[in-house]
Amino acid sequence: MDVLVLVGRILFAALFLMSGFGHLTQTKMMAQYTASRGVPQALAPTAVFGTGLLIVAGALMVLLGVWGDLGALFLVVFLVPTAVVMHGPWGVEDPQQRMMEQTQFLKDLALAGAALMVLVLFGWAGPDLGLTLTDPLFDLG
């Protein structure tokens, strides 16, 4: 079971690592989109870069099992506001664009739910989870 959980962590973290590195390496382009969704232009680059750091940190923590529960919480803290602010389908007039935003909104919420389950898995199983570098930060067992 240890190996299966590790494979799940690898697959889960891969999406966030790629996304986070995109935030860190394509900050200017992503900041333009962020500003188009209502984030103040002056704040957008900092928000994109900061969320990139949050995503990469959370993904690495889950992947490596270094306070993986806290890493999963980092991902939830990113995903829920991102779903609402960046991908809320309300107010989008073009039907195709609205459908794309709704899909992204629901994807972010689903990933937030999965991250909450990862948080509980780490916190509940504790050191019995296996193949981690540290015990969880939160004791949910």
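These figures come from a predicted structure and were not determined experimentally.

At a minimum axis distance of 12 Å, the contact between helix H1 (residues 2-25) and helix H5 (residues 95-125) shows a crossing angle of 140 degrees. Our classification of the angle between H1 and H5 gives oblique. Relative to H5, H1 is oriented so that their crossing is left-handed. Where H1 approaches H5, its residues Val 5, Arg 9, Phe 12, Leu 15 and Phe 16 are matched on the opposing element by Leu 111, Ala 114, Ala 115, Val 118, Leu 121 and Phe 122. In terms of residue class, the contact of H1 with H5 is built from ten nonpolar, no polar and one charged.

Right, let's get into the packing of H1 against helix H3 (residues 44-64). Packing of H1 against H3 brings their axes to within 8 Å, and their N-to-C directions diverge by 160 degrees. With respect to their mutual orientation, H1 and H3 come out roughly antiparallel. Pair H1 / H3 crosses with left-handed handedness. Residues Leu 6, Arg 9, Ile 10, Phe 12, Ala 13, Phe 16, Leu 17, Ser 19, Gly 20, Phe 21, His 23 and Leu 24 of H1 form the contact with H3, whose own contacting residues are Val 48, Phe 49, Thr 51, Gly 52, Leu 53, Ile 55, Val 56, Ala 59, Leu 60, Val 62, Leu 63 and Leu 64.

A cluster of nonpolar side chains, namely Trp 67, Val 120, Leu 121, Trp 124, Leu 137, Phe 138 and Leu 140, defines an oily patch on the protein surface of about 660 Å² accessible area. The residue Phe 138 is located in the segment after H5 in this model. Its relative accessible area of 30% is what places Phe 138 among the partly exposed residues.

Moving on to the UniProt feature "transmembrane region" (unreviewed entry) in the protein chain. Taken from the UniProt record, the annotation "transmembrane region" (unreviewed entry) applies to residues 6-25, 46-67, 73-93 and 105-125. For residues 6-25, helix accounts for 100% and strand for 0%, while the C-alpha atoms at its two ends are 27 Å apart. In residues 73-93, helix accounts for 71% and strand for 0%; the two terminal C-alpha atoms are 33 Å from one another.

This next bit is on the nonpolar core. Generally speaking, a soluble globular protein has its nonpolar side chains buried in company with each other. Ranked by internal contacts, the top residues of the largest apolar core, which has 23 residues, are Phe 12, Phe 16, Val 62, Leu 75, Leu 79 and Val 118. When residues of this core are traced back to their parent elements, those giving at least two are H1, H3, helix H4 (68-87) and H5. Top element by residues in this core is H5. It accounts for seven residues. In this structure, Val 62 is in contact with Arg 9, Phe 12, Gly 68, Gly 71, Ala 72, Leu 75, Val 118 and Phe 122, ignoring residues within four places of it in sequence. Counting six residues, the second largest nonpolar core, distinct from the first, contains Ala 31, Ala 35, Val 39 and Val 48.

Parameters at a glance
Residues numbered from 1 in each chain as written. Predicted model: local features only at pLDDT ≥ 70, side-chain atom pairs only at ≥ 80, totals over all residues. Heavy atoms only, no water. Axes fitted to C-alpha atoms, helices over the stretch in contact; angles between N-to-C directions. Helix = DSSP H or I, 4+ residues; strand = E, 2+ residues; numbered from the N terminus. Parallel < 35°, antiparallel > 145°, perpendicular 65-115°, else oblique. Left-handed = near helix turned anticlockwise from the far one by under 90°. Contact = heavy atoms within 4.5 Å. Nonpolar A, V, L, I, M, F, W, Y, C, P; charged D, E, K, R; others polar. Patch = residues over 30% accessible without salt bridge, like charges linked within 9 Å, V, L, I, M, F, W, Y side chains within 5 Å. Areas by Shrake-Rupley, 256 points an atom, 1.4 Å probe, with all protein chains shown as cover. Salt bridge = Lys/Arg side-chain N within 4 Å of Asp/Glu carboxyl O. Buried < 20%, exposed > 50% of the residue type's maximum accessible area, 1.4 Å probe, protein only. UniProt positions renumbered as here; feature names shortened; annotations may be inferred. Core = buried A, V, L, I, M, F, W, Y, C linked by side-chain atoms within 4.5 Å.

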